[in-house]
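Here is how the chains run, residue by residue.
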Amino acid sequence: MTDNKNDLIEYLLRLGDNAMINGQRLCEWCGRAPALEEEMALMNVGLDLVGQARNWYEYAAELLADGRDADQLAFRRDERAYRNTLLVEQPNGDYAVTTAKLFLFDAWHFHTLSALSASSDERIAAIAAKGLKEVTYHLRRSGEWVERLGDGTEQSRQRMLAGIDEVWRFTFDLLSSDEIQQRLAAAGIGADATAVAAAWQATVEQVFERASLPVPQPASYFYLDGKRGLHTEHLGILLAEMQFLQRAYPDATW
Amino acid sequence: MANTSEIDALFGGSPVAAPGSEAQPGLIASDGGAREADESDLPRAWQVLEQVMDPEVPAVSVVDLGIIREVSWVDGHLMVAVTPTYSGCPATELIESEIAKALEQAGFRAPRLERRLSPAWTTDWISEQGRERLRVYGIAPPSGSSSKRSLLGEKDEVCCPQCGSHDTEVVSQFGSTACKALYRCRSCLEPFDYFKCI
Ligand SMILES: [Zn+2]
């Protein structure tokens with residue numbers, strides 16, 4: 001356990017940051033979504049994600065045991081300390097870009113949480129099993145939108161293609177695996193990233209085929225890596241807004 | 001982001017238990033003064049919980065919803081284990097404080113609330129009475145079993161709570177709260193909420 005403790009904290013922060021940053025991005029659609037139903041859907045998905053982030057952060061905070069709680073992990077770290085994948089920090093773009101981003105993430109999230117539901121770490125298994133029920137709905141929704149836009153009008157198809165093209169390269173660090181993941185997978189605690197990537201590929205192919213969309217070649221190596229805190233320029237701007245209150249009024253609570 | 005100790009703090013903290021008091025029934029405060037809890041107090045606690053309504057769907061109680069996972073005595077305090085419906089359900093903390101308040105008012109001294117994630121809540125735990133109350137309230141109860149679902153495709157068969165027609169269509173999988181989807185009835189044309197299966 002102690003051998004894995006630092007790995008585990010790092011891994012929990014990745015899971016928490018992915019959910020948190022994706023949830024924060026989704027909130028930017030509040031008041032701006034193209035239809036009321038879509039706005040409600042996106043806010044619901046965002047709320048699920050922020051709730052899941054809290055569960056991961058609370059566990060990470062307990063292991064860290066340095067006095068920081070889940071709120072402080074969410075709002076008081078600097079950009080380089082965030083471990084989320086580059087995909088979720090990308091700007092929302094138009095609805096097709098958001099849909100592409102969500103679908104590619106949801107497919108990964110679904111297969112990751114499926115694997116983590118069987119984690120030998122009971123706390124991880126419990127959080128994952130809970131989140132998986134929610135993420136199943138997220139994936140169903142975003143998959144249906146990829147299909148509808150991809151196989152819809154000429155304009156929607158062009159936009160869907162452009163949306164996929166815009167974010168596809170960020171699937172490299174989403175699917176890649178490092179030593180932390182490999183050690184935790186070997187210990188039965190973390191998800192096997194190779195198996196997740198294969199399942200992700202199958203889901204993407206299935207949905208793209210239904211939408212008559214071509215599946216791009218696997219994304220190639222990208223010099224940035226969210227897992228190591230090397231982010232695109234978009235994360236800092238997102239954090240400036242997300243962290244404003246806690247930075248301006250430290251320890252403010254509701 | 002309240003943890004259990006913060007929740008306890010809301011209700012005067014958790015007094016230190018007397019040595020050897022594990023699983024001992026606690027004190028019940030009543031009009032006649034304090035008394036030792038007896039066998040009738042656990043069923044009475046459940047009766048109190050049956051009066052605590054879900055703030056987002058006030059037609060059903062927390063017991064109807066199946067989110068109360070355990071009620072027992074721990075260190076002389078009544079312990080209630082509650083499971084959240086959704087990870088991000090904003091009502092979770094409110095529900096916990098409503099439960100504690102109701103129990104305190106019924107004489108249970110400093111009840112302890114535990115948030116229990118596992119096993120994850122499923123709509124299969126909503127009682128028959130809860131389903132009927134949802135229907136009367138105008139929300140279609142979850143249909144079928146949460147375990148028999150496939151990922152893509154597969155639509156739920158949902159009955160209109162107004163006219164009972166099966167001819168309904170989904171408007172959005174995400175409705176006014178995390179637990180509901182938005183549907184429309186093709187027979188009576190009314191839109192309605194569906195308590196979705198998870
Ligand atoms: Zn009807």
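Just so it is clear, the model here is predicted, and its values are computed rather than measured.

Rules and cut-offs
Residues numbered from 1 in each chain as written. Chains lettered and ligands numbered in written order. Predicted model: local features only at pLDDT ≥ 70, side-chain atom pairs only at ≥ 80, totals over all residues. Heavy atoms only, no water. Buried < 20%, exposed > 50% of the residue type's maximum accessible area, 1.4 Å probe, protein only. Helix = DSSP H or I, 4+ residues; strand = E, 2+ residues; numbered from the N terminus. Arc of directions from axis to C-beta. Phe/Tyr/Trp six-rings, centres within 6.5 Å; stacked < 30°, edge-to-face > 60°. Lys NZ or Arg CZ within 6 Å of the ring centre and 35° of its normal. Contact = heavy atoms within 4.5 Å. Salt bridge = Lys/Arg side-chain N within 4 Å of Asp/Glu carboxyl O. Polar contact = N/O pair within 3.5 Å; in protein donor to acceptor, adjacent residues only side chain to side chain. Nonpolar A, V, L, I, M, F, W, Y, C, P; charged D, E, K, R; others polar. Donors = N, O, S within 2.8 Å, 3.2 Å for Na, K, Ca; no water. Tetrahedral: all angles 85-135°; square planar, octahedral: opposite > 155°, others 65-115°.

Enquirer: I'd like to hear about helix H9 (residues 179–186) of chain A, residue by residue, with values.
Expert: Residue and element names in this part refer to chain A. Among all positions of H9, only Ile180, Gln181 and Leu184 are buried. Buried residues along H9 cover an arc of 95 degrees about the axis, so they all sit on one side. H9 presents Glu179 and Ala186 as exposed residues on the side facing more than 90 degrees away from its buried surface. A positive phi of about 80 degrees marks Gly188, the residue just after H9.

Enquirer: Explain the packing of aromatic side chains to me, using residue names and the numbers behind them.
Expert: Describing an aromatic ring pair means giving the distance of the ring centres and the angle of the ring planes. Considering all chains together, one arrives at 13 aromatic pairs over all chains under this definition. With a centroid separation of 5.3 Å and an interplanar angle of 75 degrees, the aromatic rings of Trp29 of chain A and Tyr95 of chain A are classed as edge-to-face. Remark: Tyr95 of chain A occurs in helix H5 (residues 95–116) and Trp29 of chain A occurs in the loop between helix H1 (2–27) and helix H2 (36–64); sequence separation between them is 66 residues. Take Trp29 of chain A and Tyr95 of chain A: they sit in the same class, and that class is buried. Aromatic pair Tyr95 of chain A and Trp145 of chain A: ring centres 5.9 Å apart, planes at 80 degrees, arrangement edge-to-face. With a gap of 50 residues between them, Tyr95 of chain A in helix H5 and Trp145 of chain A in helix H6 (residues 122–150) connect regions that are remote in the sequence. The two residues Tyr95 of chain A and Trp145 of chain A agree in class, both being buried. Within the aromatic cluster, the residues linked to one another by ring pairs are Phe103, Trp168, Trp200 and Phe208 of chain A. Note that Arg148 of chain A overlies the ring of Trp145 of chain A, its terminal NZ or CZ placed 4.4 Å from the centroid. The ring of Tyr137 of chain A carries Lys196 of chain B above its face, with NZ or CZ at 4.6 Å from the centroid.

Enquirer: Just give me the short version of the interface of chain B and chain A, but keep the residues and values in it.
Expert: In this complex, chain B contributes 34 residues to the contact, which on the side of chain A involves 31 residues. Applying the counting rule to chain B against chain A returns one salt bridge. Among the ionic pairs, Glu93 of chain B bridges to Arg54 of chain A, the shortest N-O distance being 2.8 Å. Taken together, the connections running from chain B to chain A amount to eight residue pairs in polar contact (both at pLDDT 80 or more). Tallied by class, the residues present in the side of chain B that touches chain A amount to 15 nonpolar, 12 polar and seven charged.

Enquirer: For the coordination of the zinc ion, give the residues involved together with the corresponding values.
Expert: All names here are of chain B. The coordination sphere of the zinc ion contains the protein donors Cys160 (SG), Cys163 (SG), Cys185 (SG) and Cys188 (SG), at a distance range of 2.3 to 2.4 Å. Around the zinc ion, the four donor atoms are arranged such that angles at the metal cover 105 to 115 degrees; this shape is classified as tetrahedral. Summarised as a motif, the one-chain spacing of the donors to the zinc ion is C-x2-C-x21-C-x2-C. Of the two residues, Cys163 is situated in the loop between strand E6 (139–140) and strand E7 (168–172) and Cys188 in the loop between strand E8 (180–185) and strand E9 (191–195); the sequence distance between them amounts to 25 residues. Judged by its relative accessible area of 41%, Cys163 falls in the partly exposed class. A relative accessible area of 28% means that Cys188 is categorised as partly exposed.

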